[in-house]
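Given next are the chains, with one letter for each unit.
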Amino acid sequence: MNYVERLEKVAVLGAAGKMGSGIVLLTALEMADLSLEPGNRSRDFALYAVDISEPALAGLLKYLRDQVRRAAEKKTVWLRSVYADRSDLVENEEMIGQYIADVLAVVRPATRLEAAYGAGLVFEATNENPDLKVKLLGQIRAQNKKDAWFLTNTSSIPIHELDEKAGLGGRLIGFHFYNPPAVQKLVEVIRAKSTLPELAEFAAQYAKKLRKTVVPSNDVAGFIGNGHFMRDALHGIAEVERLAPEFGFVDAVYMVNKVSQDFLIRPMGIFQLVDYVGLDICQCILKVMSDRSVGADLRSPLLDRLVSSGAMGGQFADGSQKDGFLKYEKGRPAGVYDPEAKAYVPFADVGPRCDERLGPLPASGKPWKSVIQTVDRPAYLQGYFRDLRATTTMGADLAKRYGRKAKEVGLGLVKDGVAQKEDDVNTVMLTGFYHAYGPVNAYFDE
Amino acid sequence: MKKSRRKVYMAAGYNTISLGTGRKEFHPKKARPGLEDYIQEAGRGVLAQAGGGKNVDEGVIGNFMAARFNRQGNLAALIPTVDPDLRWKPCTRVEGACGSGGLALTAAIKSVLAETADAVLTVGVEVQNTVKAIYGADILAGAGWYRGERKAGHAYFFPALFSDRAGAYFEKYGRDKTRRAFARWYRNAVENARLCETAQEFHNTCEDLEALGLTEPNPRTFVDHLNVYDCSKVSDAAAGIAVLSAEGLDRCGISKSDAVEVLGWGQVEADLTVPPADPTELETSRRAVQKALEAAGIGLDKIGTVECHDCFTISGLLSIEAIGFAGKGEGADYILAGKTSRQGPVPFNTSGGLIGWGHPTGGTGVRQAVSIWQQLTGKAGKWQVEISPERPCALSVNMGGNDKTVVAVVYRRAA
């Protein structure tokens with residue numbers, strides 16, 4: 001099977017989930033674009049969007065309609081050439097409407113795993129649960145008639161382990177999108193020793209067609225992305241535990257979150273990011289990593305306690321943010337969880353005293369959004385971090401500790417053989433987490 | 001053209017702001033004023049200076065595509081919403097694509113000349129931010145020949161037509177200098193707009209406008225030979241002006257020093273179904289300007305300022321040649337020598353033009369007349385240029401479609 005044949009019948013497992021829906025979108029666009037090429041018009045491209053939840057599949061279709069329209073509006077110049085022979089389509093609006101119909105026609109929602117039995121390519125994007133993944137992959141392997149290739153979106157489970165346990169014989173590769181897949185440029189590609197070379201070639205071509213930035217990660221639990229993020233988050237939690245006796249838990253969470261966003265110029269504070277990913281998901285990933293002992297002490301009793309008390313994070317079906325470490329109003333953090341009182345304390349009650357304690361940003365400080373639009377970003381960052389290093393407020397000190405820890409984690413990933421080089425770690429954080437700079441830098445060096 | 005049988009004046013002009021990207025108060029997801037609001041603001045702005053609706057005999061409204069942008073037809077019947085005293089008076093809506101405003105002016109002028117009216121409220125309006133640009137491009141493509149041109153046309157239909165003109169011009173006269181002239185045109189437009197608080201680019205703070213103007217065109221996402229800075233933006237705006245006889249001026253209590261006299265005008269139509277014979281020339285515009293100058297009985301040496309139809313930088317450049325300030329192929333040099341800037345001998349588009357002030361398509365012709373009235377009567381505020389006694393006249397050129405419907409008007413401060 002060549003590239004086009006491989007993509008003629010595709011199944012996505014966990015299709016209506018946060019990652020699955022993005023994977024369905026990008027893959028369906030690619031399949032529809034192939035179907036519109038003159039040589040492929042007689043082929044029936046089908047993407048089986050498999051998910052156990054019917055309501056979630058209905059939500060998926062709505063998401064796809066909106067997102068495909070956006071995509072179509074951006075490539076209307078091309079659509080006019082694609083539909084040049086369609087005399088019934090004259091205006092942009094008509095062609096965009098047709099394209100939406102063509103893409104959605106590729107997508108066949110299904111609630112049963114059998115839908116994947118005829119697929120030449122299976123994209124697995126289910127929960128981060130090794131047993132579940134092994135079971136699903138193994139079942140499809142046993143029933144599939146096409147010697148399917150498997151891509152898994154796992155963000156932490158070693159590929160060789162899934163391959164062996166599901167008996168895939170090298171027909172599996174890690175293809176880890178970042179959330180949301182339609183926006184984040186990064187794909188971490190994880191090739192196990194057993195992975196077929198042809199499958200690796202296919203994955204490279206597919207990533208290129210999707211215009212993604214590929215970073216290869218070695219096949220070690222957590223890979224580069226979570227290898228960094230989890231340790232970065234654990235540092236945030238450790239800082240909270242260090243500061244809590246003096247300032248109280250709520251104040252400590254507020255301060256560490258604020259420092260990691262404003263002082264470190266990141267798109268979100270560390271606890272907002274943990275909420276975004278979901279505390280339960282973070283818990284699963286930490287478990288996967290610590291079970292495979294890729295690092296010492298990758299556990300957080302605090303996280304476990306919060307999850308069991310129901311502060312979960314993650315998103316509602318409509319994409320809005322659930323409360324976790326923080327409470328959200330209109331998508332923005334508005335309060336901090338107090339585990340003692342099992343209630344959220346509004347920012348208005350903690351913010352002023354914490355902000356005063358932290359002190360102001362260095363005068364050259366700018367929000368993340370404006371920094372990523374700065375033309376000469378490296379020069380700006382040099383200047384800002386020079387100012388930060390010269391500042392001795394509590395906020396600046398916490399930021400410096402954080403920055404040094406992030407660098408230490410980044411270097412550790414290279415030393416431990418997870419990342420092949422420092423640049424790969426930086427690329428992951430820049431393109432998968434939308435950071436303004438990579439963690440391996442000299443900004444915090446003393 | 002027959003000599004006019006009576007004198008025609010314009011006065012009491014009013015421009016709303018041009019709302020769209022670039023204005024601080026514009027947010028695509030926030031509610032905005034509608035078509036009616038713009039018509040009423042501009043109409044009332046005129047009537048406040050003309051003694052109210054009771055002094056007006058007739059209304060004319062120029063608009064291009066409200067039927068699609070706003071799902072609204074029968075615009076003539078929106079004129080009485082401006083003032084109850086306009087009810088039961090004759091009103092007309094005219095349409096000639098982006099030349100609709102110019103047609104509104106000539107329709108009003110003709111009514112005054114026919115002595116069926118002494119005071120005509122003339123409004124031009126377009127509210128276009130109701131749809132995204134990619135769908136707006138469909139609507140604006142209606143200024144071309146739908147059955148003959150649209151299917152084979154580009155996603156961005158009009159930018160592509162003028163991109164083709166730019167490409168032909170590059171081929172004939174050189175790309176590098178022409179692109180630099182485009183960038184200079186963009187800079188002049190924005191610098192002028194920064195002085196005029198109703199302009200869409202009033203809030204523009206870019207430091208190096210020419211560098212931005214020199215951005216390489218990207219044919220994959222846009223068109224071959226133009227970038228977005230070469231194009232006027234999507235605008236919501238209205239403009240209004242009173243077109244009057246001498247009796248009308250008296251009745252409205254407007255002194256001649258606050259009015260401009262229409263010395264001459266030219267209205268020319270080309271065949272919508274025939275492509276331009278020479279894409280590097282705006283032939284219809286040239287003919288309209290010639291007629292207007294002949295009717296006024298003056299030469300270009302008397303023109304002190306110009307409002308030209310720079311829907312794209314290339315149309316600004318070609319306008320210079322069509323008007324006759326520069327010979328064919330010499331427009332780029334003319335621009336690069338600074339002659340169209342506000343320090344030049346004949347400043348062009350002193351409030352920013354279509355690229356700087358904004359381009360509410362069907363309203364632009366009236367907006368140009370208002371800008372010239374402000375400039376000639378000393379009401380232009382920070383964007384005022386000096387009008388010398390040697391060059392006391394002004395010229396506006398309003399173009400609909402790909403140089404199909406053109407109205408040129410020559411003005412002088414009334415005495």
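Residues numbered from 1 in each chain as written. Chains lettered and ligands numbered in written order. Predicted model: local features only at pLDDT ≥ 70, side-chain atom pairs only at ≥ 80, totals over all residues. Heavy atoms only, no water.

What follows deals with the overall build of chain B. When its secondary structure is counted, chain B shows 14 helices and nine strands. The C-alpha radius of gyration of chain B comes to 19 Å, within 12% of the 22 Å expected for a compact globule of 415 residues. If one aligns the C-alpha atoms of chain B with their principal axes, the spans along those axes are about 55 × 50 × 40 Å. Residue pairs at least 24 apart in sequence account for 78% of intrachain contacts in chain B once pairs closer than 6 positions are excluded. (Helix = DSSP H or I, 4+ residues; strand = E, 2+ residues; numbered from the N terminus. Rg over C-alpha atoms; globule rule 2.2 N^0.38 Å. Contact = heavy atoms within 4.5 Å.)

Once that is clear, we can look at the overall build of chain A. Each helix and strand in chain A was counted, giving 18 helices and 11 strands. For 446 residues, the compact-globule estimate of 2.2 N^0.38 gives 22 Å, and the C-alpha radius of gyration of chain A, at 23 Å, lies within 12% of that figure. Along the three orthogonal principal directions, the C-alpha set of chain A runs to about 70 × 50 × 40 Å. The buried share of chain A, reckoned over its 446 residues, is 58%. Summed over its atoms, the accessible surface of chain A is roughly 18800 Å², and 52% of this surface lies on carbon and sulfur atoms. The average position of the 56 basic charges and that of the 57 acidic charges among the side chains of chain A differ by 2 Å. (Buried < 20%, exposed > 50% of the residue type's maximum accessible area, 1.4 Å probe, protein only. Areas by Shrake-Rupley, 256 points an atom, 1.4 Å probe, with all protein chains shown as cover. Lys, Arg positive; Asp, Glu negative; His and termini not counted. Charge placed at Lys NZ, Arg CZ, Asp CG, Glu CD.)

All names here are of chain A. Pairing in this open sheet of three strands is antiparallel, and the strands run β9-β10-β11 from one edge to the other. Every other strand in the sheet has two partners, leaving β9 (326-329) and β11 (343-346) as the edge strands with one partner each. The mean angle between the axes of side-by-side strands here comes to 45 degrees, regardless of whether they run parallel or antiparallel. Where strand β10 (residues 332-338) lies against β11, four bridges are found, and the strand directions are antiparallel. (Pairing = 2+ DSSP bridges. Axes fitted to C-alpha atoms, helices over the stretch in contact; angles between N-to-C directions.)

All names here are of chain A. Among the five residues in strand β2 (residues 46-50), five count as buried, and that is most of the element. Here β2 shows no split at all, with A46, Y48 and V50 on one side and L47 and A49 on the other all buried. Bridging between strand β1 (residues 9-13) and β2 involves five bridges; their strand directions are parallel. When the sheet's bridge partners are listed, V10 is paired in β2 with L47.

A full pass over the atoms with the stated rule returns 30 aromatic pairs over all chains. Judged by centre distance (5.1 Å) and plane angle (75 degrees), the rings of A:F385 and A:Y437 are edge-to-face. In this pair, A:F385 is assigned in helix α16 (residues 377-389) and A:Y437 in the segment after α18 (422-431), connecting sequence segments 52 residues apart. Measuring from ring centre to ring centre gives 5.9 Å for B:F325 and B:F348, while their planes differ by 70 degrees; the resulting arrangement is edge-to-face. With a gap of 23 residues between them, B:F325 in the loop between α11 (313-323) and α12 (331-336) and B:F348 in the loop between α12 and α13 (353-356) connect regions that are remote in the sequence. Following the ring pairs from residue to residue traces out a cluster consisting of A:Y3, A:F123, A:W149, A:F175, A:F177, A:F202 and A:Y206. (Phe/Tyr/Trp six-rings, centres within 6.5 Å; stacked < 30°, edge-to-face > 60°.)

On to helix α5 (residues 92-106) of chain A. Helix length check: α5(A) (15 residues) gives 21 Å between terminal C-alpha atoms against 21 Å at 1.5 Å per residue, within 8%. Every buried residue of α5(A) is accounted for by A:N92, A:M95, A:I96, A:Q98, A:Y99, A:I100, A:D102, A:V103, A:L104 and A:V106. (Expected span 1.5 Å × (residues − 1).)

Residue and element names in this part refer to chain B. Taken together, nine strands build an open sheet; the order of strands is β3-β2-β4-β5-β1-β6-β9-β8-β7 and the sheet is mixed. Across the chains shown, the open sheet's two edge strands, defined by having one partner strand only, are β3 (91-94) and β7 (303-307). Here the strands of the sheet are splayed against their neighbours by 30 degrees on average, with no regard to which way each runs. Where strand β1 (residues 8-15) meets strand β6 (residues 259-269), four bridges bridge the pair, whose relative direction is antiparallel. Along β6, the bridge assignment pairs A11 with A259. Each of β1, β4 (119-127), β5 (236-244), β6, β7, β8 (393-400) and β9 (405-413) touches helix α14 (residues 364-376); the most contacted strand, β1, lies at about 100 degrees to it.

Of the residues lining the interface, 17 residues belong to chain A; the matching set on chain B comes to 17 residues. Buried surface at the junction of chain A and chain B, summed over both partners, amounts to about 1400 Å²; 45% is from carbon and sulfur atoms. The interface formed by chain A and chain B holds two salt bridges in total. Close ionic contact of B:R68 with A:E91 constitutes a salt bridge, the shortest N to O distance being 2.8 Å. For the pair chain A and chain B, the number of links is 15 residue pairs in polar contact (both at pLDDT 80 or more). (Buried area = accessible area lost by both parts, 1.4 Å probe. Salt bridge = Lys/Arg side-chain N within 4 Å of Asp/Glu carboxyl O. Polar contact = N/O pair within 3.5 Å; in protein donor to acceptor, adjacent residues only side chain to side chain.)

It is worth spelling out the pattern of salt bridges at this point. Using the criterion set out here, one finds 51 salt bridges over all chains in the structure. Taking the shortest distance from any N to any O, the salt bridge between A:D251 and A:R357 comes out at 3.1 Å. With A:D251 in helix α10 (residues 249-263) and A:R357 in helix α14 (residues 347-358), this residue pair connects regions lying 106 residues apart in the sequence. Here A:D251 falls in the buried class, since its relative accessible area comes to 4%. Assessed through its relative accessible area of 27%, A:R357 is described here as partly exposed. Between B:D333 and B:K177 there is a salt bridge; the shortest N-O distance is 3.1 Å. Of the two residues, B:D333 sits in helix α12 while B:K177 sits in helix α7 (residues 175-193), which places them 156 residues apart along the sequence. According to the relative accessible area criterion, B:D333 is partly exposed, its value standing at 37%. Judged by relative accessible area, B:K177 falls into the partly exposed class, the value being 28%. Here the residues in one salt-bridge network are B:R6, B:D57, B:D118, B:E247 and B:R251, joined through shared partners.

Residue and element names in this part refer to chain A. Along its sequence, chain A is carved into domain 1 (3-217) and domain 2 (223-431). Residue-level contacts link 22 residues of domain 1 with 17 residues of domain 2. Buried area between domain 1 and domain 2, summed over both chains or domains, comes out near 1700 Å², and the portion from carbon and sulfur atoms is 58%. Three residues stand out in domain 1 for area buried against domain 2, namely K18, S156 and V215, and they jointly supply 26% of the buried area on that side. (Domains from an automatic or database assignment.)

One broad rule of soluble globular proteins: the nonpolar side chains tend to lie buried together. A:F175, A:F177, A:Y206, B:I303, B:F325 and B:V410 are the most contacted members of the largest nonpolar core, which has 125 residues in total. Counting residues per element, this core draws most heavily on helix α2 (residues 18-35) of chain A, which supplies 10 residues. Ignoring any residue separated from it by four or fewer positions in sequence, one finds B:F325 in contact with B:L300, B:I303, B:V306, B:I320, B:Y334, B:V346 and B:F348. In this structure, A:V134, A:V256, A:Y328 and A:M429 belong to the second largest nonpolar core, which totals 99 residues. (Core = buried A, V, L, I, M, F, W, Y, C linked by side-chain atoms within 4.5 Å.)

Residue and element names in this part refer to chain B. At their nearest, the axes of helix α6 (residues 157-173) and α7 sit 8 Å apart, and the two run at 135 degrees to each other. By the angle between their axes, α6 is oblique relative to α7. Where α6 abuts α7, its residues A166, Y169 and F170 lie against R175, T178, R179 and F182. For the contact of α6 with α7, the residue count by class is four nonpolar, one polar and two charged. (Parallel < 35°, antiparallel > 145°, perpendicular 65-115°, else oblique. Nonpolar A, V, L, I, M, F, W, Y, C, P; charged D, E, K, R; others polar.)

Residue and element names in this part refer to chain B. Counting through the fold element by element, N402 comes out in the loop between β8 and β9. Overall, the relative accessible area of 10% leaves N402 in the buried class. A distance of 2.8 Å separates polar atoms of two side chains, one belonging to N402 and the other to R165. Setting aside anything within four residues of it in sequence, one finds N402 in contact with F158, L161, F162, R165 and P276.

Residues and elements named next belong to chain B. Among the 11 residues of α11, 11 are classified as buried, and the element is accordingly described as predominantly covered. Buried residues of α11: T313, I314, S315, G316, L317, L318, S319, I320, E321, A322 and I323, and no others. Trailing α11 by a residue or two, G324 shows a phi angle of about 115 degrees, which is positive.

Attention now moves to unusual backbone geometry. The linkage connecting A:N179 with the following residue, A:P180, adopts the cis geometry, with an omega of -5 degrees. You can see A:P180 is positioned in the loop between β6 (172-177) and β7 (186-190). Although it is not a glycine, B:N74 adopts a positive phi angle of roughly 55 degrees. Mapping B:N74 onto the fold places it in the loop between α2 (66-69) and β3. The phi dihedral of B:A97 is positive, around 55 degrees, even though this residue is not glycine.

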